[in-house]
Structures are given as C-alpha cells and as structure tokens.
Amino acid sequence: DEISHRGPDHNEQWSEKNYMTIGHHRLTIVDNNIRSNQPFITSNGRYVLAYNGEIYNFLDIKEDLIKHGYIFKTDSDTEVVATSYMHWGENCVKKFNGMFAISIWDRKNKELFLARDRTGIKPLYFYVNNGSLFFSSEIKSLFKEKIIPKEICSEGLLQYFTFQNYLNNQTLFKNIFLFPAGHYLKITRNTTFNNNKDIEKLFIKYWDFKFLSNTGGLNENAASELGKLLTKSIDLQNKADAIINSYLSSGLDSSIISYLSK
C-alpha cells in the first residue's frame, strides 16, 4: 500500500507460508479485464508472477508459444511473460523487447526468479538480512519492514550529488541496493545467503552493450535506417488498451515520438 500510486486499478497480495509473499498494484495498460490482475498464477498453478513494465513484442512471443501448444486465457503481456518463463525458463528475458522488473515464484521447486530489463528502465530495489530477501519497485515500501533501518549511505549520497546518478548498485540508504540492469537471479530454499555480497555472486548477466567497429565513413543510408528503427520502435510501444498521450517537453526526442505516433 505504500506504493499504491504506482497502480490505482487493482491491488492484491499472494502468500505461501514460510517462503514467499508477493504484493502488486496494477496500472492497466493492456487487457483491462480482471483476468490479467496480479499476482498472476499460471494455468498449471505452479508459477506466481508479479511484474512491472511492458513487453512490446508480446504478441509475437505469444504466437510462438501458441505454436508450442500453449493456450492463453487473457490478452495481456502478463500471461505471456509467465508462460515464457514456463517454457524457456530464465532464457525468456532474452526474447523480451521492453522494460520490466520481474518476479516469479516457482511453487514446486520453492525457487525465486528476479530479472530487470537491459538498461534498467524499470526500478527494482532489494535488501538482504540473514537469509531473507526483500524487494520492491520503490525503497519506501521496504521501510515498512521493521528490520530494515533508515540510514543514509554517504557513498550513495556523494555519487548522486556529484553525478545525479549512481556508479554502482548503491542507493541513498545503507544496505539497500539497486538490482543491476541486464541481470537475473535465481535462488531456492537451499540457497545460502546472509548479505548483499552473497546475493551479488548469484547475479547472472544476460545482456550488455555491443559496439560495432567503425566502418570508416558516413553511411548514406544511416538516416533512412534510423527513421525505420524509430518508427518500428514507436509502433510497438503504442500497443495499448488505454488512451495514449504525449508528454511534450519541446525537445527533439518527444517531438519525434509524437510526430511518428500520429
């Protein structure tokens, strides 16, 4: 409830005693039906999903999964994310074109999967204490857990005041960290961890930047290719069952997005 402003359309929590509790506030973008509310449980009852974000190519992934024999009961990207994990496991994140922070609980294996999008568009914070892992889209909800202290981190404070950003996964608060972009994590009931360092050793990087070599000159087709990529990207992101608006700052980026969205 501390972050109810993130999703005013529905809120719910799911719990499995002694293992996992997941809460979610929904902002409806795709599939307005209550069938797509979260935490979302897969058709086989095994996986419980709560995620923040949007998968822009979910219709293409859904079509692929249907070919593999899966039947869908919703029109949402939420079910596509859950079913993708059911089919491909952790490799599903490599197929996602979008922004996301994902948590999936495997009820059978008592296993937690966490993942963040490639460049860290969607936030995900975590705190570790004696074998317990707490995670959230915002730090303020972590502080509702009484064992998590509110202590300023001097390193994070200096980084933010100097660069308006963080150079590592540090935050403004001691022992509360950013889940790294382009990484995922899997832990089971048998995983031993007591602090942040133990968890960091378990992070798996699934994506990083790749820079092409210099071609030695200006590509005459570069402008045309850029236009095609922008149009394709914006078309993908305009798939929604809600009204789409433009937020104009008078800058080049928002003006181009608005123009190509017409």
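Our subject is the structure listed above.
Sequence positions are assigned chain by chain, starting from 1 and proceeding in written order. For this predicted model, a pLDDT threshold of at least 70 governs which residues receive local features, and a threshold of 80 or more governs which side-chain atom pairs are given and counted, while totals over whole chains, interfaces and linings are taken from all residues. With hydrogens and water excluded, all non-hydrogen atoms of the structure serve as input to the side-chain values.

J.: Give me empty space enclosed by the protein: which residues, what numbers.
T.: Only protein atoms enter the 1 Å grid, on which a cavity is a set of points fitting a 1.4 Å probe that cannot get out and a pocket is an open set with protein on both sides within 12 Å along at least 5 of 7 lines, lining residues being those with an atom within 4 Å of a point. Grid points are joined across faces, edges and corners, and a volume is the space filled by probe spheres set on the points. Applying the stated rule across the entire model yields 1 cavity of 30 Å³ or more. Of the pockets and cavities examined, the largest cavity occupies roughly 50 Å³. Lining the largest cavity are Phe40, Thr42, Ser43, Tyr70, Ile71, Glu79, Thr83 and Met86. Helix and strand assignments follow DSSP, with helices taken as H or I runs no shorter than four residues and strands as E runs no shorter than two, numbered in order from the N terminus. Examining the composition of the lining of the largest cavity, we find that 3 residues originate from one element, helix H2 (residues 77–88), more than from any other.

J.: Please give an account of the sheet that holds strand E5 (residues 98–106) that cites residues and values.
T.: Paired strands, as defined in this entry, are two strands with at least two bridges between them according to DSSP. Read across the open sheet, the 6 strands follow the order E3-E4-E5-E6-E10-E11; overall the sheet is antiparallel. Looking at strand neighbours, the two that pair on one side only are strand E3 (40–41) and strand E11 (204–205), the edges of this open sheet. Relative to E5, strand E4 (residues 47–55) is paired through 9 bridges, and the arrangement is antiparallel. Within E5, the position partnered with alanine 50 by the bridge is serine 103. Contacts from H2 reach E3, E4, E5, strand E6 (111–116) and strand E10 (183–188) within the one sheet, and its direction differs from that of E4 by about 125°. Here a residue-residue contact requires only that any non-hydrogen atoms of the pair lie within 4.5 Å. Angles here are taken between N-to-C directions and fall from 0 to 180 degrees, while the axes themselves are lines fitted to C-alpha atoms, restricted in helices to the stretch in contact.

J.: Got a sec to walk through the packing of aromatic side chains? Specific residues and values, please.
T.: Any two of the Phe, Tyr and Trp rings considered here, Trp counted by its six-membered ring, make a pair once their centres fall within 6.5 Å; the pair's planes then place it as stacked at under 30 degrees, edge-to-face at over 60, or tilted in between. As enumerated under the stated definition, the model contains 14 aromatic pairs in all. On the basis of an interplanar angle of 40° and a centroid distance of 5.7 Å, the ring pair of phenylalanine 113 and tyrosine 184 is categorised as tilted. Residue phenylalanine 113 is found in strand E6, and its partner tyrosine 184 is found in strand E10; the two are separated by 71 residues along the sequence. Exposure remark for tyrosine 184: the relative accessible area of 11% places this residue in the buried category. Through a chain of ring-to-ring contacts, the aromatic side chains of Tyr47, Tyr85, Phe113, Tyr184 and Tyr206 assemble into a single cluster. Between lysine 95 and the ring centre of tryptophan 88, over which it is positioned, the NZ or CZ distance is 4.5 Å. A ring is scored as having a charge over it whenever the NZ atom of a lysine or the CZ atom of an arginine sits within 6 Å of its centre and within 35 degrees of its normal. We note lysine 110 situated over the ring of tyrosine 19; from NZ or CZ to the ring centre the distance is 5.2 Å. In this scheme, a residue with accessible area under 20% of its type's maximum is buried, one over 50% is exposed, and one in between is partly exposed, where area comes from a 1.4 Å probe on protein chains only.

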